[in-house]
Amino acid sequence: MYRNHIRLAYCGAALISLLVVVSCSPRKPLPPDAASPFTYKEVMIPVRDGARLQTVILTPRGRSGALPILLTRTPYGVPDKAPATMPEDLKALARDGYIFVIQNVRGRFKSEGVFSMNNAGPNAPNEITDAYDTINWLVKNIPNNNGRAGIYGISYSGFTSGVTLLNPPSALKAVSEQASPTDEWMNDDFHHNGALRESYAFEYSVMEEASKTKNTHFDFDDYDTYQWYLKLGPLSNVNDKYLHGSLQSWNDIVAHPDHDAYWKAQDWVHALHGTHVPVLNVAGYWDQEDPWGPWQIFRHAGESSDHIDFVVAGPWYHGGWSREPRGDKIGMIPLGQDTAREFREDIQAPFFRYYLHGDGPRPNWVAKSFQTGSNAWHSYASWPPPSAKSTNLYLHADGTLSFEAPTTQAEPAPHREYISDPANPVPYRRRPISPTYPGGDWTTWEASDQRFVDHRPDVLTYVSAPLTQNVT
């Protein structure tokens, strides 16, 4: 329940000739952001090809002295006014003081130019050159900045942050890519090891490309999207019945089912071989969208020996470290502590504080990981930890799971089999399955209990004996 305060303003009333006359002097309205912790300014920043990019600048009130700039570049829209109160995900950063800048990427909302999904080159203009030009403009034109800029963001905004490592301007002093995609065919967003994630690819393409001026949610005519996709039939029906070839991303996805030159050209991280800009990579162990990219960026940025490449991994869904006020659970699983708040206060804020303010200690670790079970953060001087070793688990023909390899030499080898029926596919979430966008249970499905499919004849289950020692 929310309680609102009701304020009644009384003015003098006089009884004259049996008439009640009420006279109030109108109060001068306050500026729309007067109560906000920020002042608000919208500008159109020119980039090298003449396009102008819609950009919002939030400058903190009551701060003296020059402040660093923290930039986020997004396809999802910039705020149309200053926030009335301090957003939860900015509180720890705001205590140190930053000029927050949010920019729509080219071709989205009021930003000029043509939007191209995950455009990192090789030809300009692209997200690399747009970020370069934007940062240079900001440090030259924003009053009272200290000449240092950082860029950070989650998902697509993680991608626009990460690609700046390929050609960083001199003012860029810190990057935090968070859940950035790199290889959309291998294990980010649209595919899982080459297997197309049909619902996600379709619904995301619609959201970003159906309209320039809004995020569009496809209007399903069935409450259960499992049933909708089943009735859809072959992939070609998406264009034949609904999109009619209007979305370039969807057309490209369907046209390139294999790991061909199209996907390899988009895998921008292979052009990264070290970095001279400090980078904080952030990954979620239950990231349902981009579990691959942050680890690849961490490994490629670490090819240099400057020891400024860091990775943090926690018990989070996609962006849960920012979107959850506390992060004390993942789905229905309690974690015993506020992992998201701890990340923002104890990891992210000190990282930017050191590299953009020149204050506080330098990170003395390379990797931080939250260990579920013990529910504790651990710091490591390298990743993977030297004590870790590759270990095989074996699926046995009798339905058992163990660390012991099969020893039988029987011919033919024992096996289990099942029939997969495309007319009755295995659901990955409990039905009815809500759309990917907006909301629903999509965010936490990787941490959900999937034993609801155990009884199906096309699902094989393997169970181990009780473990005799802890497994990390």
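Below, the structure is looked at part by part. Bear in mind that the values here come from a model prediction, so they are computed numbers and not experimental data. (Residues numbered from 1 in each chain as written. Predicted model: local features only at pLDDT ≥ 70, side-chain atom pairs only at ≥ 80, totals over all residues. Heavy atoms only, no water.)

Using the criterion set out here, one finds 19 salt bridges in the structure. The salt bridge involving Arg341 is made with Asp338; its shortest N-O contact spans 3.3 Å. Residues participating in the shared-partner salt-bridge network are Arg95, Arg326, Asp328, Asp338, Arg341 and Glu345. (Salt bridge = Lys/Arg side-chain N within 4 Å of Asp/Glu carboxyl O.)

Before going further, it helps to spend a moment on the packing of aromatic side chains. By the definition in use, this model includes 36 aromatic pairs. With a centroid separation of 6.2 Å and 75° between ring planes, the pair formed by Phe310 and Phe351 is classed as edge-to-face. You can see Phe310 sitting in strand 12 (residues 309-314) and its partner Phe351 sitting in helix 11 (residues 339-357), a full 41 residues away along the chain. When its relative accessible area of 2% is taken as the criterion, Phe351 is described as buried. Aromatic pair Tyr380 and Trp383: ring centres 5.2 Å apart, planes at 75°, arrangement edge-to-face. Since its relative accessible area comes to 27%, Trp383 is described here as partly exposed. In textbook terms, an aromatic cluster arises when at least three aromatic residues are bridged by ring pairs, as seen for Tyr152, Phe310, Phe351, Phe352, Tyr354, Tyr355 and Trp365. A cation sits over an aromatic face here: Arg108 above Phe115, 5.9 Å from the ring centre. A cation over an aromatic ring shows up here: Arg416 above the ring of Tyr462, its NZ or CZ 4.7 Å from the ring centre. (Phe/Tyr/Trp six-rings, centres within 6.5 Å; stacked < 30°, edge-to-face > 60°. Helix = DSSP H or I, 4+ residues; strand = E, 2+ residues; numbered from the N terminus. Buried < 20%, exposed > 50% of the residue type's maximum accessible area, 1.4 Å probe, protein only. Lys NZ or Arg CZ within 6 Å of the ring centre and 35° of its normal.)

In this structure, the largest pocket occupies an estimated 910 Å³ of space. Together, 41 residues line the largest pocket, and Tyr76, Asp89, Ile154, Ser157 and Arg323 are the ones closest to its centre. Contributing elements (two or more residues each) for the lining of the largest pocket: strand 5 (67-74), strand 6 (99-104), strand 7 (145-154), helix 4 (198-209), helix 10 (320-323) and helix 11. Tallied by class, the residues present in the lining of the largest pocket amount to 22 nonpolar, 15 polar and four charged. By volume, the second largest pocket amounts to about 710 Å³. (1 Å grid on protein atoms, 1.4 Å probe; cavity = no way out; pocket = protein on both sides within 12 Å on 5 of 7 lines; lining within 4 Å. Points joined across faces, edges and corners; volume = space filled by probe spheres on them. Nonpolar A, V, L, I, M, F, W, Y, C, P; charged D, E, K, R; others polar.)

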